[in-house]
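# Coordinate analysis (summary)
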Amino acid sequence: MVHELADYERAPEQCHLTEAQLHAALFGPSPALFGHVAVDGDDRPLGFALWFLNFSTWEGVHGVYLEDLYVRPEARGTGAGRALLATLAALCVERGYRRLDWWMIHWNPAARFYASIGATPMDEWVPYRLTGPALRSLAAQARTAPARPDA
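Just so we're clear, the structure is a prediction, and the values are computed from it rather than from any experiment.

Glancing now at the sheet that holds strand β2 (residues 45–56). Read across the open sheet, the 4 strands follow the order β1-β2-β3-β4; overall the sheet is mixed. In the strand order of this sheet, the two ends are held by β1 (34–39) and β4 (100–102), each with one partner. Ignoring strand direction, the axes of neighbouring strands in this sheet form an average angle of 30°. As defined by bridge partners, β1 adjoins β2 across 6 bridges and the pair is classed as antiparallel.

Encoded structure:
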């Protein structure tokens, strides 16, 4: 379904995830990625949520960052997406986490659904990303001027 999501987001060529990579991330010795799958009455997968912990230095507690939420087209409007988000919200409340965060591509019609459950866009924050040569260039600087681990 991750590849289905990449197709939906008009970027299938950018998705290189393999089944082995996903399995290792979710079920390896020290998993840092967690997931939930919504299924129908016959156990057929309808959608998924992949998430990891983040930390708010202002709140002083962890939160959940929802990396990907996807519901197959034929299952949209069935409550599968709401159930996945409700499960994550319940996990946050149960564990004392104060935030459930995610990003959404700007043209996604799910914005109406997110608004209906009380989610608010955070348009004052600008995302940044380092990849490829820029990432390697900055990493090379760490070898010459290491950061203090207690900073």
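Moving on: the environment of Val-93. By secondary structure assignment, the location of Val-93 is in helix α3 (residues 80–95). Sequence spacing of Val-93 and Leu-22 is 71 residues, and the spatial spacing of their C-alpha atoms is 27 Å.

Tracing the backbone shows Asn-108 in the loop between β4 and α4 (110–116). Assessed through its relative accessible area of 13%, Asn-108 is described here as buried. A polar contact is formed between the side chain of Asn-108 and the side chain of Tyr-8, at a distance of 3.4 Å.

Applying the stated criterion across every chain yields a total of 6 aromatic pairs. Between Phe-52 and Tyr-65 the ring centres are 5.3 Å apart and the planes differ by 35°, which places this aromatic pair in the tilted class. Linking Phe-52 in strand β2 with Tyr-65 in strand β3 (residues 61–71), this pair joins segments that are 13 residues apart in sequence. For Tyr-65, a relative accessible area of 14% corresponds to the buried category. When the centroid spacing of 5.6 Å and the interplanar angle of 45° are considered together, the rings of Phe-113 and Tyr-114 count as tilted. Note on Phe-113: relative accessible area 24%, which makes it partly exposed. On the basis of relative accessible area, Tyr-114 is assigned to the buried category, the value being 10%.

Now for the nonpolar core. Among the nonpolar cores identified, the biggest contains 18 residues, and Ala-49, Trp-51, Val-64, Leu-66 and Leu-69 are the most heavily contacted of them. Of all the secondary-structure elements, those providing two or more residues to this core are β2, β3, α3 and α4. Here this core takes 6 residues from α3, the largest share from any one element. If we skip the residues at most four places from it in the chain, Ala-49 touches Phe-34, Gly-35, His-36, Leu-66, Asp-68, Leu-69, Leu-84 and Leu-88.

This part takes up a nonpolar patch on the surface. The grouping of Leu-130, Leu-135 and Leu-138 at the surface amounts to a nonpolar patch, some 260 Å² of accessible area in total. Position of Leu-138 relative to the elements: it lies in helix α5 (residues 132–144). We classify Leu-138 as partly exposed; its relative accessible area is 44%.

Another aspect to go through is the pairing of β3. The element β3 is extensively covered by neighbouring structure, given that 8 of its 11 residues are classed as buried. Where β2 lies against β3, 10 bridges are found, and the strand directions are antiparallel. Note that in β3 the partner of Ala-49 across the bridge is Leu-69. Adjacent in sequence and paired antiparallel, β2 and β3 are bridged by 4 residues, among which Gly-60 carries a positive phi angle near 80°. Direction of pairing for β3 relative to β4: parallel, over a ladder of 3 bridges. Residue pairing for β4: Val-64 is matched across the bridge by Leu-100. One crossover worth recording links β3 to the parallel β4 by way of α3, and it is right-handed.

Cut-off values and rules
- Residues numbered from 1 in each chain as written.
- Predicted model: local features only at pLDDT ≥ 70, side-chain atom pairs only at ≥ 80, totals over all residues.
- Heavy atoms only, no water.
- Pairing = 2+ DSSP bridges.
- Helix = DSSP H or I, 4+ residues; strand = E, 2+ residues; numbered from the N terminus.
- Axes fitted to C-alpha atoms, helices over the stretch in contact; angles between N-to-C directions.
- Buried < 20%, exposed > 50% of the residue type's maximum accessible area, 1.4 Å probe, protein only.
- Polar contact = N/O pair within 3.5 Å; in protein donor to acceptor, adjacent residues only side chain to side chain.
- Phe/Tyr/Trp six-rings, centres within 6.5 Å; stacked < 30°, edge-to-face > 60°.
- Core = buried A, V, L, I, M, F, W, Y, C linked by side-chain atoms within 4.5 Å.
- Contact = heavy atoms within 4.5 Å.
- Patch = residues over 30% accessible without salt bridge, like charges linked within 9 Å, V, L, I, M, F, W, Y side chains within 5 Å.
- Areas by Shrake-Rupley, 256 points an atom, 1.4 Å probe, with all protein chains shown as cover.
- Salt bridge = Lys/Arg side-chain N within 4 Å of Asp/Glu carboxyl O.
- Right-handed = clockwise from strand over helix to strand, strands pointing away.

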